[in-house]
Amino acid sequence: METKANKVQSTLLLLFFIGLSILTLLPFAAILLASFKPSSELLRFGLNLKIQPELLTLSNYEYIFTEGKRFLVWYKNSIFITLLFTVFSIFVSSMVGYALAVYNFKGKTLIFTLVLLSLMIPVEIMMLPLYKEMIFMKLVNTYWGVILPFLATPYAIFFFRQYALGLPKGLIDAARVDGCTEIGIYFRIMAPLMVPAFGSMAILQAMHSWNNFLWPLIVLRTEDMFTIPIGLAGLLSPYGNNYDLLISGSVLSVLPILVVFLFFQRYFISGLTLGGVKG
Amino acid sequence: MARGEIVYNEAKKVSVRKETKVKKFLFSPKTAPYIFIFPFVVTFVAFFLYPLIETVRMSFYEIYPGESTFVGLENYKRLWNPEFFTALQNSFLYTILTLVVLIPLPLFLSVFLNSKALPGRNVFRSALFVPVLTSVIVGGIIFKLMFAESDMALANSILGKLGFEPQQWLLGRETGMFLMVLLASWRWMGVNILYFLAGLQNIPKELYEAAEMDGAGRIKQFLLITVPLLKPVTVYVLTISIFAGLRMFEESYVFWQNHSPSDIGLTVVGYIYRQGFEFNDMGFGAAIGVALLIIVLVINLFQLKFTGTFKQED
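Fair warning: this is a prediction, and the values are worked out from it, not measured in the lab.

**Things to note about the overall build of chain A**
Reasoning step 1: The helix and strand inventory of chain A stands at 14 helices and 0 strands.
Reasoning step 2: Along its sequence from the N terminus, chain A presents helices and strands in the succession α-α-α-α-α-α-α-α-α-α-α-α-α-α.
Reasoning step 3: Relative to the 2.2 N^0.38 estimate, which gives 19 Å for 279 residues, the radius of gyration of chain A is 24 Å and therefore markedly larger than a compact globule would have.
Reasoning step 4: Dimensions of chain A, computed from C-alpha atoms along their principal axes, come out at roughly 75 × 75 × 35 Å.
Reasoning step 5: Burial status across chain A gives 42% buried among its 279 residues.
Reasoning step 6: Of the contacts formed within chain A by residues at least 6 apart in sequence, a portion of 75% connects residues at least 24 apart.

**Some words on the domain arrangement of chain B**
A common way to express how large an interface is: the accessible area buried when the components associate.
Residues and elements named next belong to chain B.
Reasoning step 1: When cut into domains, chain B gives domain 1 (2–74) and domain 2 (76–313).
Reasoning step 2: With 9 residues of domain 1 at the contact, the number on the domain 2 side is 9 residues.
Reasoning step 3: Those elements giving two or more residues to the side of domain 1 that touches domain 2 turn out to be α2 (32–58) and β1 (61–64).
Reasoning step 4: Among the residues forming the side of domain 1 that touches domain 2, the class breakdown is 5 nonpolar, 2 polar and 2 charged.

**Focus on the environment of S209 of chain A**
All names here are of chain A.
Reasoning step 1: With respect to the element layout, S209 can be found in helix α11 (residues 195–211).
Reasoning step 2: On the basis of neighbour counts, which here come to 21 C-beta atoms within 10 Å, the residue S209 falls in the buried class.
Reasoning step 3: In sequence terms S209 and I81 are 128 residues apart; their C-alpha atoms lie 7.3 Å from each other.
Reasoning step 4: Among residues more than four places away in sequence, those in contact with S209 are I81, T82, F85 and T86.

**Some remarks on the pairing of β1 of chain B**
Reasoning step 1: Covered by surrounding structure in β1 of chain B are Y61 and I63 of chain B only, the residues E62 and Y64 of chain B on the alternate face being uncovered.
Reasoning step 2: Where β1 of chain B folds back on strand β2 (residues 67–70) of chain B, the antiparallel hairpin that results is connected by 2 residues, among which G66 of chain B adopts a positive phi of roughly 95°.

**Here we look at helix α9 (residues 173–201) of chain B**
Reasoning step 1: The end-to-end C-alpha separation of α9 of chain B is 41 Å, in line with the 42 Å expected for 29 residues at 1.5 Å each.
Reasoning step 2: The sharpest bend along α9 of chain B measures roughly 45° and falls at W188 of chain B.

**What about the environment of G276 of chain B?**
Reasoning step 1: By secondary structure assignment, the location of G276 of chain B is in helix α14 (residues 268–278).
Reasoning step 2: When the C-alpha atoms of G276 of chain B and A286 of chain B are compared, they prove to be 7.5 Å apart, with 10 residues separating the residues in sequence.
Reasoning step 3: Discounting chain neighbours no more than four positions away, the residues touching G276 of chain B are L128 of chain A together with D281, M282 and G285 of chain B.

**Re the interface of chain B and chain A**
Reasoning step 1: Between chain B and chain A, the residue contacts involve 73 residues of the former and 69 residues of the latter.
Reasoning step 2: No other element matches the 16 residues that α2 of chain B contributes to the side of chain B that touches chain A.
Reasoning step 3: Across the side of chain B that touches chain A, the residue classes break down as 56 nonpolar, 14 polar and 3 charged.

**Details of helix α10 (residues 205–213) of chain B**
Reasoning step 1: A small share of α10 of chain B lies buried, amounting to 0 of its 9 residues.
Reasoning step 2: Note on α10 of chain B: the residue one or two positions beyond its end, G215 of chain B, has a positive phi of about 85°.

**Describing unusual backbone geometry**
All names here are of chain B.
Reasoning step 1: At S262, a position not held by glycine, the phi torsion is positive, near 40°.
Reasoning step 2: Considering the arrangement of structural elements, one finds S262 in the loop between α13 (250–256) and α14.
Reasoning step 3: Phi is positive for D263, close to 55°, though the residue is something other than glycine.
Reasoning step 4: Position of D263 among the secondary structure elements: in the loop between α13 and α14.

**Thoughts on the nonpolar core**
In globular proteins that are soluble, nonpolar side chains generally tend to be buried together.
Reasoning step 1: Formed by 150 residues in total, the largest nonpolar core has its most connected members in L47, V96 and Y98 of chain A together with I142, M146 and V268 of chain B.
Reasoning step 2: Per-domain counts for this core show at least three residues from each of domain 1 (2–74) and domain 2 (76–313) of chain B.
Reasoning step 3: With residues up to four places along the chain from it excluded, the contact list for L47 of chain A reads A30, I31, A34 and L42 of chain A together with I142, L145, M146, A148, A153 and L154 of chain B.

**Brief notes about the packing of helix α4 (residues 70–102) of chain A against α11 of chain A**
Residue and element names in this part refer to chain A.
Reasoning step 1: Contact pair α4 / α11: the axes reach a minimum separation of 9 Å and the direction vectors enclose 140°. Of the possible angle classes, the one that applies to α4 and α11 is oblique. The hand of the α4/α11 crossing is right-handed. Across the interface between the two elements, S78, I81, T82, F85, T86, S89, I90 and S94 of α4 pack against F198, M201, A202, Q205, A206, S209 and W210 of α11.
Reasoning step 2: Residue composition of the contact of α4 with α11, grouped by class: 8 nonpolar, 7 polar and no charged.

Parameters and conventions
Residues numbered from 1 in each chain as written. Chains lettered and ligands numbered in written order. Predicted model: local features only at pLDDT ≥ 70, side-chain atom pairs only at ≥ 80, totals over all residues. Helix = DSSP H or I, 4+ residues; strand = E, 2+ residues; numbered from the N terminus. Rg over C-alpha atoms; globule rule 2.2 N^0.38 Å. Buried ≥ 20, exposed ≤ 12 C-beta atoms within 10 Å, placed from the backbone. Contact = placed C-beta atoms within 7 Å. Domains from an automatic or database assignment. Nonpolar A, V, L, I, M, F, W, Y, C, P; charged D, E, K, R; others polar. Pairing = 2+ DSSP bridges. Expected span 1.5 Å × (residues − 1). Bend = angle between axes of the 7 residues up to and from the residue. Core = buried A, V, L, I, M, F, W, Y, C linked by C-beta atoms within 7 Å. Axes fitted to C-alpha atoms, helices over the stretch in contact; angles between N-to-C directions. Parallel < 35°, antiparallel > 145°, perpendicular 65-115°, else oblique. Left-handed = near helix turned anticlockwise from the far one by under 90°.

Here it is, written out as structure tokens:
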């Protein structure tokens, strides 16, 4: 009796979660299906799940390589910005987090407080002077204008600090005795131990940068500098004569992150949970 | 010649000594941390502290290209207008609604996703997590098209089958808010589940065993053990959700490009963007920013006080 009741419960639970997962993934299925239909259909009828084999076409994807070449430019910009931001921000943030965890120095508490403080203040409120600064530094409409202000990411610093706190400090003393410099200790001994942390933060920072919207919207002024989200949002005019590009572009913009997620799922998860829940 | 050589060698020694001194200074355990934190200090001062102070300063000025005049509290007085109230109302309503959905639901779901009674739970965890990988823009594009006006579009066709009238989702105040909250919930559900799952790992199993022996049912166990012991995680999720809710911009931008009918989608950040960048009224935009900053800080303080986070940190 007991086990039978358990089985029923288990089956109900299973069915419920299958239903919930289908609902969650439904939007992806809908857009994938729509990307193989003529865009005029989409403009007239919106997204639906009707499979109409007689309508299926690759024209939306072909469009990208003919008239819609600007999408390839946006793709290139997104890749460059994501790579630059990810590499430099985890480099800078890891060093700060490491120093906060390993050393005792004057002003350490102050620096750590500032990191926490900048986690509590939304950057959106200071966009206006920040934009004026970008004008002054001649960084408007450049990759560096998008990246530079956010290189030292508070969340990543916090994450690296948490991670570095768990590293064996004995190694540092041993290396000092061997005459290794502090910088050398970081690069040769400690950084290699932090590889999992680098993995988690690289993936989170890359995802953030790939999907980032408001700041690039402000800094990037001309279409040849747009990233994918800025370019796609620009196609959302109510007159909608760009739906072919809108829909195939949307699919192609999600694809790389999905692939990365499939291979590196656990880095996503540890990156999100270590900093937050234990902190 | 011999003398010259000696002088040369001496000079070399001095320079070597100097070099090692510089090296020692640069790489000693005393100075190294300052080298490590240097980039943070520079970016913090240049791209955080300075713009923060500048925002406050600008909020007291009327700013034209090339010149600005001190106007005292004039920009703040201008905040007393229906547009700003609409923005505030939308931002707060959105925040509250996302909290109502995105805290109890993931908490509840995570308990099942943690239970051995559910086969294949890792697959479900991943499936629910996938939406956060998409940008708000792409997610919003999909939702916008699913909720298009045509009665053939997904949402309206379902309504039609159920015997309801098709809706103009993007034109109504309630339906517009519904879409923004739905988009946020769809994207964040999996992440919040993840937080709660991580919290559940820290609850000792013995507690449940003891409760079972005392005859406490599942629901009682959930309410008396799970919920209270998940409090730290709940506080964390609450904090980041309020923060994310009050700074919301993109969920609205993707549906209306910051120009929604009778401002049904206008948020506080959207209002900064409109006044500061679209109308070039930077002083007023800065004043809106300061108002938002004060709101966020006050809420933070209240929260820290009531949830006892200060005590935990000590």
